[in-house]
Amino acid sequence: VAQKKYDIARETFLSALEKLRSIRNLYYMVDLLMEMADLDLALGLSPIRNLNEALEKSKSAGLEKKIIKIYENISKYYEKKGDFRLALEYYKSFHIKQSELEASNLSMRLEILSVELNFYKEKSENMKFKKRSEKLERDIEAANKTLEKMKVQNQSLLKESLYDEL
């Protein structure tokens, strides 16, 4: 009964794989190949062919997280088989790829923080300019008022001088 279920699952996977290949959907094709590798493991078969194909597709599509998971799965498989040299080789690849992804993520976060910092600096500078501009406007307004007072006084003095001359 269990073998029959595995056979049905395998046929379903193969049918889905052909459909995904026809539409060139690498993302889900990789997922499907990884599931097929799990099925092979459950049946006592080697998952390496499916995992290698999934790894190749992941690399060509730049699916970094999937590459990491595949390296980890291959490493675990070889470890279970007792082939510790290959297990270590794939574990190193897994670890290196994971570190690269973490470094890339940190780099992106740093870039985002840098952009945010520049935004706040510009905003702060804009606020300083706005305050300076407001102060200049008040100074100009005060100077204009003083000028108006001087004009009024000047006219008053002019009238007085004309009156004195007469």
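Check the entry above for the structure.
As a convention, each chain's residues are numbered from 1 in the sequence order in which they are written. pLDDT decides what is reported in this predicted model: residues at 70 or higher carry local features, side-chain atom pairs at 80 or more are listed and counted, and totals for whole chains, interfaces and linings draw on all residues regardless. As a rule here, side-chain values cover all heavy atoms of the structure and leave hydrogens and water aside.

Helix and strand labels come from DSSP, where a helix needs a run of H or I of at least four residues and a strand needs a run of E of at least two; each type is numbered from the N terminus. The number of helices and strands found in the protein is five helices and zero strands. Going from the N terminus to the C terminus, the protein shows its helices and strands as α-α-α-α-α. Relative to its length of 166 residues, the protein is extended, with a C-alpha radius of gyration of 38 Å against a globular reference of 15 Å. When the backbone C-alpha atoms are referred to their principal axes, the protein occupies close to 130 × 35 × 25 Å. The cut-offs for exposure are 20% and 50% of the maximum accessible area for each residue type, with area from a 1.4 Å probe on protein chains only; residues under the lower value are buried, those over the upper are exposed, and the others partly exposed. Counting the 166 residues in the protein, one finds 22% classified as buried. Here the globule rule reads 2.2 Å times residues to the power 0.38, and the radius of gyration is calculated from C-alpha atoms.

Right, let's talk about the packing of helix α2 (residues 26-42) against helix α3 (residues 48-61) for a bit. The contact between α2 and α3 brings their axes to 8 Å, and the two run at 160°. Relative to α3, the element α2 is oriented roughly antiparallel. Considering only the axes of α2 and α3, their crossing is left-handed. Listed contacts from α3 to Leu26, Met29, Val30, Leu33, Met34, Met36, Ala37 and Asp40 of α2 are Asn50, Leu51, Glu53, Ala54, Lys57, Ser58, Ser60 and Ala61. As a rule, the C-alpha atoms of each element are fitted with a line to give its axis, helices using only the stretch in contact, and angles between N-to-C directions run from 0 to 180 degrees. In this scheme, roughly parallel covers angles under 35 degrees and roughly antiparallel covers those over 145, while 65 to 115 is roughly perpendicular and the rest are oblique. Handedness of a crossing is defined here by the sense of rotation of the near helix relative to the far one, left-handed for an anticlockwise turn of less than a right angle and right-handed for a clockwise turn. Note on definitions: a residue-residue contact is assigned when non-hydrogen atoms from the two residues lie within 4.5 Å.

Relative to the elements of secondary structure, phenylalanine 94 occurs in helix α5 (residues 84-165). For phenylalanine 94 and asparagine 73, which are 21 residues apart along the polypeptide, the C-alpha to C-alpha distance reads 9.2 Å. Beyond its immediate sequence surroundings of up to four residues, phenylalanine 94 is in contact with Ile68, Tyr71 and Glu72.

Glancing now at the packing of aromatic side chains. Side-chain rings of Phe, Tyr and Trp, where Trp is taken by its six-membered ring, are said to pair if the distance between their centres is within 6.5 Å; with planes under 30 degrees apart they count as stacked, over 60 as edge-to-face, and otherwise as tilted. Across all of its chains, the model carries six aromatic pairs by this definition. Between tyrosine 91 and phenylalanine 94, the ring centres sit 5.3 Å apart and the planes meet at 50°, which makes this aromatic pair tilted. Highlighted residues: tyrosine 91 and phenylalanine 94, both in helix α5, separated by three residues, approximately one helical turn. For tyrosine 91, a relative accessible area of 42% translates into the label partly exposed. Judged by its relative accessible area of 7%, phenylalanine 94 falls in the buried class.

This paragraph deals with the pattern of salt bridges. A carboxyl oxygen of Asp or Glu within 4 Å of a side-chain nitrogen of Lys or Arg is what we treat as a salt bridge. One pass over the full model with this rule turns up twelve salt bridges. Among the ionic pairs, glutamate 18 bridges to arginine 21, the shortest N-O distance being 3.4 Å. Taken together, the positions of glutamate 18 and arginine 21, both in helix α1 (residues 2-23) and three residues apart, correspond to about one turn of that helix. The exposure class of arginine 21 is partly exposed, given its relative accessible area of 31%.

Side chains of residues three or four places apart in an α-helix project in the same direction, reflecting 3.6 residues per turn. Each helix should span, by expectation, one fewer than its residue count multiplied by 1.5 Å. The first and last C-alpha atoms of α2 sit 24 Å apart over 17 residues, in line with the 24 Å expected at 1.5 Å per residue. The set of residues buried in α2 consists of Met29, Val30, Leu32, Leu33, Met34, Met36, Ala37, Leu39 and Asp40. Against α1, α3 and α4 (64-81) lie the buried residues of α2. The N-capping residue of α2, defined by a side-chain oxygen 3.4 Å from the backbone nitrogen of tyrosine 27, is asparagine 25. Backbone geometry just downstream of α2 places glycine 44 in the positive-phi region, at approximately 85°. Side-chain atoms alone can form a polar contact between residues adjacent in sequence; in general such a contact is a pair of N or O atoms within 3.5 Å, and within protein one must be able to donate a hydrogen while the other accepts it.

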